[in-house]
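# Summary of the model geometry
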Amino acid sequence: MEQRPFLDFLETLGPPAWVPEWALWLTAAGLGVGLITTIISLIALFSIWLERKVSGHIQCRYGPMYAGGWHGWAQTIADGVKLMMKEDMIPTGADKPLFVIAPAIVLSSIFGAMVALPLSYGFYFAQMDLGIFMILALGSTTTIGVVMAGWASNSKWSLYGAMREAAQVVAYEIPLGLALLVPLMALGTFSLLDASHAQAGFFGMNWAIFQNPAVLPAFVIFWVAALAETKRAPFDLPEAESELVAGFLTEYSGIRWSFFFLEEYAAMFLMSVVAAVFFFGGFESPLTWAAREAFGSNTHIVVQLVCFGTIVIKGFIGVFLMMWLRWTLPRIRIDQVMTMGYKYLTPLALACVLVAAIWEAILSLF
Amino acid sequence: MVEAQKYKPSMQLSDESRVLPSGEREFMLDVSTADLEVNMGPQHPATHGVMRVLLRTDGELVTGAQPHLGYLHRCAEKIGENVEWLQYLPYTDRYDYLSAMNNNLGYSLAVEGLMTGLEIPRRATLIRTICAELNRVASHLIAYGTYGLDIGAFTPFFYAFREREWIQALFEKICGARLTYSYIRIGGVFNDTPPGWLQEVGHFCDVFEDKWREYYDLLVENHIFVKRTADIGVISAEMALDFGLTGPMLRGSGVDFDLRRDMPYMAYGEISDAGAFDIPLGRGEKGTLGDCWDRFYVRVAEMMESIKIVRWCLDAIEPGPVLGDVPKVIKVPAGEGYVGIENPRGELGHYVASSGGKVALRCRVRGPSFTNLAVLEDLMPGTLLADSVAIIGSTDIVVGETDR
């Protein structure tokens, strides 16, 4: 079944007969892209503000308090304006085309991955049967952008950052994928929307984590690998400001730098939502269950809003956890990242897959 | 205009390309890689100021390191030969700006050593001890916080600054300055403590003992931190003695030597005889004896010992004068002398020579940071880039003192 939410929506408006079909397609695409960019940018902006407040309160200070009035809510906007006003600098000797393209690749791959992210049962940009593959594939594409940025900067520190990113990507992508296999097996689907359906149950608590004993350890592995995927502490080696000045970001400033920044926070949210969808029930919560019981169907507007609220809150719980870890833990060394990825996480993830498979096989007997 | 460097491995036909017996030509590509020379500093977050370390790296592996100094040279020693004895005091604040009280003390003791017949009042001695030890705590708090930053943990830095702020506020009450005090001066201290100050110091000691536990759990015993610092940058006891290391750098290698106990000055001999404080030593608890963790542990443990000394002084202090009988314009009798004191970073020595005038004939300083820095060149090759940052951090240098 082909899913075309925006096109369907436009057709329900009843466009005049003289409008050609390609114009409808383009409008639908523009609508989708505009909406997704806005939503993700807003989430990223909020995350940046949240990071400052969280880090501030962890470190016995307040964080921003002035811009905008209430607890410095407009600080990120003010910073964004400042960054846009800055001089556009490309260092001498930099590889200009690559230097310019790199932030675009990083940002667009993360925003592209967001397409596979459903925001509620009836509100999604694309219904993909292999949605999680799309997210993982586009999520790793950011690495290309980072390596490109490090190379193009013509700075030795940037090059170190790029080398580290390229080295560590292999170490954590494998356990990341393997750990995700476990809930995929328990839920029996690759689609994020179906994963949510598969976790609907009494009181909205039939989460994957309660369906199979291997899912909880798999989540721990997934979370560690996701921290590395998003380049967050304790795996922020490509950036590593005390060692590499700012790693691959050293030569970037202004709007291009802010693209990398936005990408980091969008990726954090993306990874948290993936964790929420495949491990912690997706849209399902006691509230969703109650709303569905009261209004009868998944497509009712109130149920949709509850679903949306649930996934955003679950996502931000994950984002908060990442921030908490970042402001608590020291950074790991590059060889320790590799050792952990290859020697510990990968075999453990494989063991989880095995246990999950056996468990599912036994369950299928009854 | 410097030609922009491109990092391309040179790919060319090797000389070894040869014609095989079958008549075919065998091509061998000579893909060579070169060591990357990179300047760590003078503007780099890990060099704690404006020091430059010229690194040779093979990928992440450091194959050579050469520290370059002099970016903060201010001719402090030469100035010491051109200004009056007392006027030089503010300059001493500025070499190790994190422990200005100790610098004042070192210079004052050196000059007082030449001034025969000058009595330092008992109260002044004890106030000096309290200030020097509080300053040691403040300085080690910076070492603790910035070492956390070097390893990648941000939060301990802010925790350390919370207590350091309090110490600075205490110093502000006693002398009006927060960083460059010039409070301990030739003949005693500048003025008496304000009312209630000693009680507040006692209160600080109580609070600090609680907080110290927090620091310990947050960073010292942190698993990742231990993994990053244990077995890294190992200085054996022999090597430490060969390089003339002093202070926590030496004690981290297990050498039991502290000027406060072994060459006592001021009231330290008395305090040491009373058994009021211990000398923490590196024990190789988490890895090899003399690694980065040991040095860091010694600093953290020393903070508690300083608090014990402060408590002893608070018990012993009695009202009395705080400044000995020194004239407005000091004239030091002819002679020369060297006094070394235990700075937070090691032995801070002052050598002063006088010809009997208002101005020093010679004024030389032996800075612990400068001597401790020398070990970097031997310590860093063979480590990873991240380890080299850990090693620089563990030497806890203050660049103002290496350059003076």
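This part takes up the nonpolar core. Formed by 211 residues in total, the largest nonpolar core has its most connected members in A:Ala179, A:Ala218, A:Phe222, A:Ala225, A:Ala266, A:Leu270 and A:Ala275. Counting residues per element, this core draws most heavily on helix 11 (residues 254-279) of chain A, which supplies 18 residues. In terms of domain composition, this core takes at least three residues from each of domain 1 (10-66) and domain 2 (74-403) of chain B. Once residues within four sequence positions are removed from consideration, A:Leu270 is found in contact with A:Ile110, A:Ala113, A:Met114, A:Leu117 and A:Ile135.

Residue and element names in this part refer to chain A. Assignment of secondary structure puts Val147 in helix 5 (residues 131-152). Residue class for Val147 comes out buried when judged on the 22 C-beta atoms lying within 10 Å of it. Distance in space between the C-alpha atoms of Val147 and Phe248 is 7.7 Å, their sequence separation being 101 residues. Ignoring sequence-local partners within four residues, the contact set of Val147 consists of Ala162, Glu165 and Ala166.

All right, on to the sheet that holds strand 5 (residues 36-40) of chain B then. Residues and elements named next belong to chain B. Taking strand neighbours across the sheet as the criterion, the 3 strands line up as 5-6-7 in an open arrangement whose pairing is antiparallel. Of all the strands in the sheet, just strand 5 and strand 7 (61-68) have a single pairing partner and so form its edges. Taking the axes of each pair of neighbouring strands and ignoring which way they run, one obtains an average angle of 20° across the sheet. Relative to strand 7, strand 6 (residues 52-58) is paired through 7 bridges, and the arrangement is antiparallel. Note that in strand 7 the partner of Leu55 across the bridge is Ala65.

All names here are of chain A. Look at helix 11: 38 Å from first C-alpha to last across 26 residues, which is about the 38 Å you get at 1.5 Å a residue. Counting buried residues in helix 11 gives 23 out of 26 residues, a clear majority hidden from the surface. Directly after helix 11, the chain includes Gly281, whose backbone phi takes a positive value near 85°.

Attention now moves to the sheet that holds strand 11 (residues 346-354) of chain B. Residues and elements named next belong to chain B. The strand order across the open sheet formed by 3 strands is 10-11-12, and the pairing between neighbours is antiparallel. The sheet terminates laterally at strand 10 (335-343) and strand 12 (360-366), the two strands that pair on one side only. Strand-to-strand twist of the sheet, defined as the mean angle between neighbouring strand axes without regard to direction, takes the value 15°. Bridge analysis of strand 11 against strand 12 gives 6 bridges, and the strand direction is antiparallel.

Attention shifts here to helix 5 (residues 155-175) of chain B. For helix 5 of chain B, built from 21 residues, the straight-helix expectation of 30 Å at 1.5 Å per residue is met to within 8% by its first-to-last C-alpha distance of 30 Å. Residues of helix 5 of chain B that are buried: B:Thr155, B:Pro156, B:Tyr159, B:Ala160, B:Glu163, B:Ile167, B:Leu170, B:Phe171, B:Ile174 and B:Cys175. Along its buried surface, helix 5 of chain B packs onto helix 2 (21-58) of chain A together with helix 4 (122-151) and helix 6 (197-220) of chain B. Backbone geometry just after helix 5 of chain B places B:Gly176 at a positive phi near 90°.

Residues and elements named next belong to chain B. In strand 6, alternate side chains face the same way, and those of Val53, Leu55 and Thr57 are buried while those of Arg52, Leu54, Arg56 and Asp58 on the opposite face are not. The pairing of strand 5 with strand 6 spans 5 bridges and is classified as antiparallel. Its bridge partner being in strand 6, Met40 is matched across the sheet by Val53.

All names here are of chain B. Two elements in contact, helix 12 (residues 292-316) and helix 15 (residues 385-395), have axes whose closest approach is 9 Å; the angle formed by their N-to-C orientations is 30°. Between helix 12 and helix 15, the crossing angle belongs to the class labelled roughly parallel. Helix-helix and strand crossings are classified by hand; for helix 12 and helix 15 the assignment is left-handed. Here Cys292, Arg295 and Phe296 of helix 12 come into contact with helix 15, specifically with Ala390, Ile391 and Ser394. For the contact of helix 12 with helix 15, the residue count by class is 4 nonpolar, 1 polar and 1 charged.

With that settled, consider the domain arrangement of chain B. All names here are of chain B. Each assigned domain of chain B is listed with its residue range as follows: domain 1 (10-66) and domain 2 (74-403). Using only C-alpha atoms to locate each centre, domain 1 and domain 2 end up separated by 42 Å. Each side of the interface is counted separately: domain 1 has 16 residues, and domain 2 has 18 residues. Going through the elements one at a time, strand 6 and strand 7 are the ones with two or more residues in the side of domain 1 that touches domain 2. With 6 residues, strand 7 is the largest single contributor of residues to the side of domain 1 that touches domain 2. Taken together, the residues that form the side of domain 1 that touches domain 2 break down as 8 nonpolar, 7 polar and 1 charged.

Scoring rules and cut-offs
Residues numbered from 1 in each chain as written. Chains lettered and ligands numbered in written order. Predicted model: local features only at pLDDT ≥ 70, side-chain atom pairs only at ≥ 80, totals over all residues. Core = buried A, V, L, I, M, F, W, Y, C linked by C-beta atoms within 7 Å. Buried ≥ 20, exposed ≤ 12 C-beta atoms within 10 Å, placed from the backbone. Helix = DSSP H or I, 4+ residues; strand = E, 2+ residues; numbered from the N terminus. Domains from an automatic or database assignment. Contact = placed C-beta atoms within 7 Å. Pairing = 2+ DSSP bridges. Axes fitted to C-alpha atoms, helices over the stretch in contact; angles between N-to-C directions. Expected span 1.5 Å × (residues − 1). Parallel < 35°, antiparallel > 145°, perpendicular 65-115°, else oblique. Left-handed = near helix turned anticlockwise from the far one by under 90°. Nonpolar A, V, L, I, M, F, W, Y, C, P; charged D, E, K, R; others polar.

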